[in-house]
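Single-letter residue listing:
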Amino acid sequence: MNDLVVEARSIGRVFQMPAGPVAAVRDVTLQVRSGDYIAVRGPSGCGKSTLLHMLGCVDTPTSGALHFDGRDVSALSDAARSLLRLRHIGFVFQRFFLLPMLTAAENVELPQSEAGSSRAARERRTRELLDYVGLGARADHRPAQLSGGEMQRVAIARALANTPRLLLADEPTGELDEATGQQIAALLDRVNADGTALVVVTHNDSLADRARRELLMRDGRVEREIAR
Amino acid sequence: MTAWATLRRALPMAWRSLIRQPARASLGILGVAAVGALLLDMLLLSEGLIVSMRDLLARTGYDVRVTATEDLPRNGPRLRDVQATLSAIARLPQVRGALAVRFADAAVALPHDATLDASLEGVTGNAPHPWHVLRGRDVREPGEAVINESIATGSGAGPGAALMLRADCGVGTEALPPARLQIVGVAEFPFALTNENTIGATLGTVMAACGADGADQADVILVTSADDADAAVAAIKAVRSDLGAATNEQVLGRIQRTGFTYFQQISSVLTTITVSFALLLIAVLLTVSVNQRLGEIAALRALGFSRGRVVADVLCESALIVAMGGVLSLPIGAALATVLDRILKRMPGIPAELHFFVFQPTALTLHMALLAATAVLAALYPMHIVARLPIAATLRDQVAE
């Protein structure tokens, strides 16, 4: 398998606003390889989430080129990009976005079902993942019956459901207290240690400090990259 | 993924989404049930009278009606020289039997100088009488009569009793002498109005009761064709081009043009309104629901759910609401139709056996088709919202909120 997961070459994203065009991301060049752990930091509105969305193929650059697994993302149809995300990219959101009518297990099964996994394979993988995030005993609980930290762990299990090459997390500890945030950070460490490339957008210093590479953004540009 | 596979996966999600919001789901289902019931009733009403009248016309066994003009019986002039006309028609090879019928109003004498208004039918000819004997026997001789249940109850008379009546034959103003009739049976008259008192007798009896007024006249000649009503009408017109002869379908056409059109127009307007209400109700419910879940939907899209899949979720949700509401609308619609039928039948001049709401498979099929179209049309706007949802912008907005 190609070691290079995502390659961004001078990508930019301009939004057409009523007051005129706004450049959210400018001229960012970045390579994400298997096993990478990258934290993206910067003040609010500096373009961190927009960069994350472009890396996750939910948004397309208005300039530059973005390749995922060697494929030019801008050349892919919406359906092909959906399939790419389903099979190779996992997302963890600040507000979890678990489906409230489904149990923890059903939330984790959902992307597998969409990917066409058999029922037996889905059940096995779901059990594994819930055990992995420490929620094997809460499989039948609905999101409303879980704490914030538990919901985020279910969301991480859901993001890992189809064994993605890249896991993107947008402020994964943003809604959690310090102690719970540390548990999530430890879980993300483990996910990365198990081979999944990880890009995390965060304001949380202790979470960012765990990454091996840190991108500091300002005004849509990567101002500085710190390698550890 | 095929569309079928997408829908199969979307259906359980839509079901759970409905269960998750029972108040919203109940509101939608009950709303669809209410408008679905009205829709069903309007569809039954649009053709009900025609179907019921056709059934009523066919039930008596006559398939051709002959009148003096193109008017419906009792709405135009009477047939004259009826015995000769009846004989001429009955002799035609295309005719199996013919029966002349004369209608008259009558006042039945009751004890203590009280009277009972009644409708008198006098018949003659070689076709079966247009009533069905329930008790006793049918009339055979002049001076005999059958009465309906209403008059039997109202006068307390039955087979074997005598009935004194004074006819009003609609010709002249001279008071006619009372006539004495021997009751030989109690019968059911298919075209009797609700609570109408009806007496059946021979044409001779009615003519005698009418005295010299309108002798040898009848309102209609009922004909049973040999095997083809159209051929019988053609044969009658060939020998008596001055008369109005019509098959049951032609009579229905005349009735439809003169009276039933209003009901069809009303039902068309109300059908359109009820379908529009259903459309708006479901569209609003789904749109609100989708707008409440934009974050979840954007997250699913980010996780790799295709545009078609999230659109299918909305469509399935709409289909489930409409399907459940549609099923519920059937018993509600049937109950409502029974009540409305009773109310409408209180209108004057409506035969008791005629129904405004008649169940027909075509109405049910149309009901289902209209509801299915409603489900799809109502889902169009929320499906459009979901299909056009900008994933990244929505996720950003949800966090900002």
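About the cut-offs
- Residues numbered from 1 in each chain as written.
- Chains lettered and ligands numbered in written order.
- Predicted model: local features only at pLDDT ≥ 70, side-chain atom pairs only at ≥ 80, totals over all residues.
- Helix = DSSP H or I, 4+ residues; strand = E, 2+ residues; numbered from the N terminus.
- Rg over C-alpha atoms; globule rule 2.2 N^0.38 Å.
- Buried ≥ 20, exposed ≤ 12 C-beta atoms within 10 Å, placed from the backbone.
- Contact = placed C-beta atoms within 7 Å.
- Pairing = 2+ DSSP bridges.
- Axes fitted to C-alpha atoms, helices over the stretch in contact; angles between N-to-C directions.
- Parallel < 35°, antiparallel > 145°, perpendicular 65-115°, else oblique.
- Left-handed = near helix turned anticlockwise from the far one by under 90°.
- Nonpolar A, V, L, I, M, F, W, Y, C, P; charged D, E, K, R; others polar.
- Expected span 1.5 Å × (residues − 1).
- Core = buried A, V, L, I, M, F, W, Y, C linked by C-beta atoms within 7 Å.

Draft legend 1. Structural view of the overall build of chain B. Per the secondary structure count, chain B includes eleven helices and ten strands. For 401 residues, the compact-globule estimate of 2.2 N^0.38 gives 21 Å, and the C-alpha radius of gyration of chain B, at 31 Å, exceeds that figure by more than 25%. With respect to the principal axes defined by its C-alpha atoms, chain B has extents near 95 × 55 × 35 Å. Evaluated residue by residue, chain B yields a buried proportion of 44% over its 401 residues. Taking as baseline every contact in chain B between residues at least 6 positions apart, the subset at least 24 positions apart corresponds to 83%.

Draft legend 2. View of the sheet that holds strand β2 (residues 20–33) of chain A. Residue and element names in this part refer to chain A. One open sheet accounts for four strands, arranged β2-β1-β4-β5; its pairing is antiparallel. Only two strands of the sheet have a single neighbouring strand rather than two, namely β2 and β5 (71–72). Here two bridges tie strand β4 (residues 63–68) to β5, and the two strands are oriented antiparallel to one another. Across the sheet, F68 pairs through a bridge with R71, a residue of β5. Of the strands in this sheet, β1 (4–17), β2 and β4 touch helix α1 (residues 48–55), which is tilted by about 55° from β2.

Draft legend 3. Representation of the packing of helix α8 (residues 294–302) of chain B against helix α11 (residues 391–400) of chain B in the model. Residue and element names in this part refer to chain B. Closest axis-to-axis distance for the α8/α11 pair is 9 Å, and the angle between their directions is 135°. As judged from the angle between their axes, α8 and α11 are oblique. Between α8 and α11 lies a crossing of left-handed hand. Where α8 abuts α11, its residues L294, G295, A298, R301 and A302 lie against I391, T394, L395 and Q398.

Draft legend 4. Expanded view of the interface of chain B and chain A. Listed per partner, the contact involves 21 residues of chain B and 23 residues of chain A. Counting residues per element, the side of chain B that touches chain A draws most heavily on α11 of chain B, at six residues. Of the residues in the side of chain B that touches chain A, the class split is nine nonpolar, five polar and seven charged.

Draft legend 5. Inspection of the sheet that holds strand β8 (residues 197–201) of chain A at higher detail. All names here are of chain A. Spatial strand order, β6-β7-β8-β3-β9-β10: six strands in an open sheet with mixed pairing. Since the sheet does not close on itself, it has two edges, and those belong to β6 (89–92) and β10 (221–227), each with one partner. Between one strand and the next, the sheet's axes are offset by a mean angle of 15°, whatever the strand orientation. Pairing between strand β7 (residues 166–170) and β8: five bridges, direction parallel.

Draft legend 6. Structural context of helix α5 (residues 148–159) of chain A. All names here are of chain A. Spanning twelve residues, α5 covers 16 Å between terminal C-alpha atoms, matching the ideal 16 Å at 1.5 Å per step. Counting buried positions along α5 yields eleven of twelve residues, so the element is predominantly enclosed. Those residues of α5 that sit buried are G149, E150, M151, Q152, R153, V154, A155, I156, A157, R158 and A159. Packed against the buried residues of α5 are β6, α3 (104–114), α4 (119–132), β7 and α6 (178–193).

Draft legend 7. Quick look at the nonpolar core. The biggest cluster of nonpolar side chains holds 188 residues, and the ones touching the most others in it are V40, V199 and V200 of chain A together with V64, A145, I221 and V223 of chain B. The greatest single-element share of this core, amounting to 17 residues, is contributed by helix α2 (residues 22–59) of chain B. With residues up to four places along the chain from it excluded, the contact list for V200 of chain A reads A39, V40, A169, P172, L188, L207 and A211 of chain A.

Draft legend 8. Representation of the pairing of strand β6 (residues 162–168) of chain B. Residues and elements named next belong to chain B. Burial along β6 is one-sided: L163, L165 and A167 are buried, while A162, M164, R166 and D168, pointing the other way, are not. Alignment of strand β2 (residues 95–109) against β6, held across four bridges, turns out to be antiparallel. Considered in β6, the bridge of V108 is made with L165. Across four bridges, β6 lies against strand β7 (residues 179–188) in antiparallel orientation. Its bridge partner being in β7, L165 is matched across the sheet by A179.

Draft legend 9. Spatial organisation of unusual backbone geometry. Residue and element names in this part refer to chain A. One non-glycine residue, D69, lies in positive phi territory at about 50°. When you line up the elements, D69 lands in the loop between β4 and β5. On the basis of neighbour counts, which here come to 15 C-beta atoms within 10 Å, the residue D69 falls in the partly exposed class. Non-glycine residue F96 carries a positive phi angle of around 65°. For F96, the position within the fold is in the loop between β6 and α3. Its 23 C-beta neighbours within 10 Å are what place F96 among the buried residues.

So, to be careful, I would describe these as geometric facts and stop short of saying anything about function.
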